[in-house]
Amino acid sequence: MRVLVVEDFEVLARSIGTGLRREGMAVDVVLDGTDALGRLAVTRYDVVILDRDLPGVGGDDICRRLAGERFPGRVLMLTAADTVEDRVAGLGLGADDYLPKPFAFAELVARVRALARRSAPPVPPTLSCGDITLDPARRVAFRAGRRLELSPKEFALLECLLASPGLVLPAEELLERVWDEAADPFTSAVKHAMHRLRAKLGDPPVIETIREGGYRIGTP
């Protein structure tokens, strides 16, 4: 899951980013509306966490623009304006959800995950291929009944592969979906994480490396 956090209070913005990364999400953080529009122009996001009161381009303007452009992701407005009128206005601009400050971080995570499920193509509650099963909601994965101890990146890679069984996913796509802006596109981050994932999955091997840098799980 790729998330963009747009929040001008830097301490809060960085805290949200850190917390969501610990939940296995790829997160980019910007502090004003102009930078947000720049990121949205070049990167596909599943969810945008958007403060309404921003320097530069305001959050309302960003939300209105995304709605007009039929943005395929989802927008969660995060703001101190918490009256019923404020919420109605925010949703009327095209936001998909509205969470007033202060908030419980666990609720933010739950709302982000719910919005991401709505922006993605429908997938079964539990993903599987052969003797491998993965439960995205509970964040657990098993092989032949054995629980796999996966890092957030390894879990996300396996989730991406299981969500598209039989399809070749290029390394570039996996890098965009699992890592965030801190990842160097010229590094071998995907290759190294895939090596660790394969080691934890054990034998027989189930992830196939495709020529030109792609990966596939399951038969085409």
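What counts, and where the lines are drawn
- Residues numbered from 1 in each chain as written.
- Predicted model: local features only at pLDDT ≥ 70, side-chain atom pairs only at ≥ 80, totals over all residues.
- Heavy atoms only, no water.
- Helix = DSSP H or I, 4+ residues; strand = E, 2+ residues; numbered from the N terminus.
- Rg over C-alpha atoms; globule rule 2.2 N^0.38 Å.
- Buried < 20%, exposed > 50% of the residue type's maximum accessible area, 1.4 Å probe, protein only.
- Contact = heavy atoms within 4.5 Å.
- Areas by Shrake-Rupley, 256 points an atom, 1.4 Å probe, with all protein chains shown as cover.
- Lys, Arg positive; Asp, Glu negative; His and termini not counted.
- Charge placed at Lys NZ, Arg CZ, Asp CG, Glu CD.
- Axes fitted to C-alpha atoms, helices over the stretch in contact; angles between N-to-C directions.
- Parallel < 35°, antiparallel > 145°, perpendicular 65-115°, else oblique.
- Left-handed = near helix turned anticlockwise from the far one by under 90°.
- Arc of directions from axis to C-beta.
- Pairing = 2+ DSSP bridges.
- Salt bridge = Lys/Arg side-chain N within 4 Å of Asp/Glu carboxyl O.
- Nonpolar A, V, L, I, M, F, W, Y, C, P; charged D, E, K, R; others polar.

Visitor: Would you explain the overall build of the chain in this entry?
Guide: In terms of helices and strands, the chain carries 8 helices and 12 strands. Taking 2.2 N^0.38 as the reference for a compact globule, 220 residues should give roughly 17 Å; the C-alpha atoms of the chain span a radius of gyration of 18 Å, in line with that estimate. With 220 residues in all, the chain has 44% of them scored as buried. Within the chain, counting contacts between residues at least 6 apart in sequence, those at least 24 apart form 57% of the total. A total of about 11,300 Å² of accessible surface is found on the chain, and carbon and sulfur atoms cover 54% of it. Both charge centroids of the chain, one from 30 positive and one from 33 negative side chains, sit 6 Å from each other.

Visitor: What exactly am I supposed to notice about the side chain of T79 here?
Guide: Note on placement: T79 falls in strand β4 (residues 74-79). Not counting the four nearest positions on each side in its chain, T79 is found in contact with D51, R52, Y98, L99, P100 and K101.

Visitor: Can you walk me through the packing of helix α6 (residues 152-163) against helix α7 (residues 171-178) in this structure?
Guide: To describe two helices that pack against each other, one gives the angle between their axes and the distance between the axes. Running from amino to carboxyl end, α6 crosses α7 at an angle of 125 degrees, the nearest separation of the two axes being 10 Å. The angle between α6 and α7 places the two elements in the oblique class. In this structure, α6 meets α7 at a crossing whose hand is right-handed. In this structure, α6 contributes K153, A156, L157 and C160 to the contact, and α7 contributes L174, R177 and V178.

Visitor: What is the right way to look at helix α3 (residues 59-68) in this model?
Guide: In an α-helix, one turn spans 3.6 residues; hence positions three or four apart end up facing the same way. Turning to α3, its buried residues number three or more, namely G59, I62, C63 and L66. End-on, the buried residues of α3 take up no more than an arc of 95 degrees, which puts them together on one face. Check the buried side of α3 and you find it contacts α2 (33-42), β3 (47-50) and β4. R70 sits one or two residues past α3 and shows a positive phi near 55 degrees.

Visitor: Can you help me understand the sheet that holds strand β8 (residues 140-143) in this one?
Guide: Think of a sheet as strands paired side by side through backbone hydrogen bonds, with each pair either parallel or antiparallel. Taken together, the 4 strands give an open sheet; going across it, the order is β6-β7-β8-β9, and neighbouring strands pair in antiparallel fashion. Sheet topology places β6 (127-129) and β9 (146-147) at the edges, where each strand pairs with a single neighbour. Looking at chain direction, β8 and β9 are connected through 2 bridges and run antiparallel. Looking across to β9, one finds that R143 is bridged to R146. Sitting on the sheet, α6 is in contact with β6, β7 (132-135) and β8, with an inclination near 110 degrees to β7.

Visitor: I keep staring at the pattern of salt bridges and nothing clicks. Help me out?
Guide: Oppositely charged side chains can form a pair if their charged atoms are brought close together. One pass over the full model with this rule turns up 17 salt bridges. Measuring nitrogen to oxygen at the nearest pair gives 2.7 Å for the salt bridge that ties R111 to E107. Of this pair, R111 and E107 both sit in helix α5 (residues 105-119), 4 residues apart, which is roughly one turn of the helix. Residue R111 is classed as partly exposed on the basis of its relative accessible area, which comes to 24%. According to the relative accessible area criterion, E107 is partly exposed, its value standing at 32%.

Visitor: Help me out: how do you make sense of the packing of α6 against helix α8 (residues 189-201) in this one?
Guide: Running from amino to carboxyl end, α6 crosses α8 at an angle of 80 degrees, the nearest separation of the two axes being 9 Å. One element, α6, and the other, α8, form an angle in the roughly perpendicular class. Residues E154, L157, L158 and L161 of α6 form the contact with α8, whose own contacting residues are A193, M194, R196, L197, K200 and L201. Grouping the amino acids of the contact of α6 with α8 by side-chain chemistry returns 7 nonpolar, no polar and 3 charged.

In short, geometric facts, not functional conclusions.
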